[in-house]
Amino acid sequence: QNPSDNIIWLTTQSGTLYQIDTQSMDISSTYSVSGLGEDIFFHPLRKSLLGSGGGSFFELKGGTFSTVSATGVSSSGRIYFNYSRETEELSAFDSSGNLFNFSDDLTLVWRKNFSKNGPLSTNNLDTNLYSGILNKANIIDRSSGQIRISVPLSGDITNNIYNPQRGTILFLSPFKGQIL
């Protein structure tokens, strides 16, 4: 949802993206996107909607679609987006485990493959990416995509929670009831 407008965006499995006016609850715009992924993200700096379809990321701004400078994007499953207000960079994990990092103008900075994706969080104190993938809690250097620290866990991470008051990230793993 775009927090500054009265708009909700909705994706469907048939590849349709709907813009819904929350005041009237009417569909105000409809877009057809080949291979549309189920996850979309509102970019707060660019005031645009980002998503995936047709093997790449797209940006929808002011009713105009444009392709973001990354190809080979798998949109068949979950895509996890993360935006850092400190660095103004956007990261996205596609369903094939490709982690993409984009600059503030959506230029691709780097791409790494981790063979699996997972939830992304940013700690505003150090701007690293935090993700639970491959049964590990990982701290990923946002500038290079390299794993800085990796802590083994007994199961996959289902969610990351950032606590800004404490400057901490909680990794949740339901398999053993672990919190790291």
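Not measured: the values here are computed from a predicted model.

Visitor: Just checking my understanding: could you explain the pattern of salt bridges for this structure?
Guide: Pairs can form between side chains of opposite charge once their charged atoms are near each other. Under the criterion given, the structure shown has two salt bridges. Arg46 serves as the salt-bridge partner of Glu59, at 2.7 Å between the closest nitrogen and oxygen. With a gap of 13 residues between them, Glu59 in strand β6 (residues 56-61) and Arg46 in the loop between β4 (41-43) and β5 (48-53) connect regions that are remote in the sequence. The exposure class of Glu59 is buried, given its relative accessible area of 6%. A salt bridge links Arg142 to Glu89, with the shortest nitrogen-to-oxygen separation between them at 3.6 Å. Placement of Arg142 in the loop between β14 (136-140) and β15 (147-152) and of Glu89 in the loop between β8 (80-83) and β9 (90-93) is noted, with a sequence separation of 53 residues between them. In terms of burial, Arg142 and Glu89 fall into one category: buried.

Visitor: I'm lost on the nonpolar core in this one. Help?
Guide: In a soluble, globular protein the nonpolar side chains are often hidden away together inside. Grouped together as the largest cluster of nonpolar side chains are 13 residues, with contacts concentrated most on Phe57, Phe81, Leu90 and Phe102. Elements with a minimum of two residues in this core: β8, β9 and β10 (98-102).

Visitor: I'm lost on the packing of aromatic side chains in this one. Help?
Guide: For any pair of aromatic rings, the description consists of the separation of the ring centres together with the inter-plane angle of the planes. Scanning all chains against the criterion turns up nine aromatic pairs. Ring plane angle 35° and centroid distance 6.2 Å describe the contact between Trp9 and Tyr31, whose orientation is recorded as tilted. Here Trp9, found in strand β1 (residues 7-11), pairs with Tyr31, found in strand β3 (residues 27-32); they are 22 residues apart in sequence, far enough to count as distant. We classify Tyr31 as buried; its relative accessible area is 14%. Where Tyr31 meets Phe65, the ring centres are 5.3 Å apart and the plane angle is 75°; that geometry is what we call edge-to-face. Taken together, the residues Tyr31 in strand β3 and Phe65 in strand β7 (residues 64-71) connect sequence positions 34 residues apart. Assessed through its relative accessible area of 32%, Phe65 is described here as partly exposed. Cluster of aromatic residues (ring-pair linked, three or more members): Phe41, Phe57, Phe81, Phe100 and Phe102.

Visitor: Please explain the environment of Glu89 as it appears in this structure.
Guide: The class of Glu89 is buried, set by a relative accessible area of 15%. Through-space distance from the C-alpha of Glu89 to that of Asp104 is 5.3 Å; in sequence the pair is 15 residues apart. Setting aside residues no more than four positions away along its own chain, Glu89 makes contact with Asn82, Tyr83, Ser84, Asn101, Phe102, Ser103 and Arg142.

Visitor: Would you take a moment to explain the sheet that holds β15 for this structure?
Guide: Pairing between sheet strands relies on hydrogen bonds along the backbone, with the strands arranged either parallel or antiparallel. Judged by pairing direction, the sheet is antiparallel, and its four strands sit side by side in the order β12-β13-β14-β15 without closing on themselves. Looking at strand neighbours, the two that pair on one side only are β12 (120-122) and β15, the edges of this open sheet. Mean inter-strand twist for the sheet, computed between neighbouring axes without regard to direction, equals 20°. Summarising the sheet, strand β13 (residues 129-133) and β14 pair through five bridges and their orientation is antiparallel.

Rules and cut-offs
Residues numbered from 1 in each chain as written. Predicted model: local features only at pLDDT ≥ 70, side-chain atom pairs only at ≥ 80, totals over all residues. Heavy atoms only, no water. Salt bridge = Lys/Arg side-chain N within 4 Å of Asp/Glu carboxyl O. Helix = DSSP H or I, 4+ residues; strand = E, 2+ residues; numbered from the N terminus. Buried < 20%, exposed > 50% of the residue type's maximum accessible area, 1.4 Å probe, protein only. Core = buried A, V, L, I, M, F, W, Y, C linked by side-chain atoms within 4.5 Å. Phe/Tyr/Trp six-rings, centres within 6.5 Å; stacked < 30°, edge-to-face > 60°. Contact = heavy atoms within 4.5 Å. Pairing = 2+ DSSP bridges. Axes fitted to C-alpha atoms, helices over the stretch in contact; angles between N-to-C directions.

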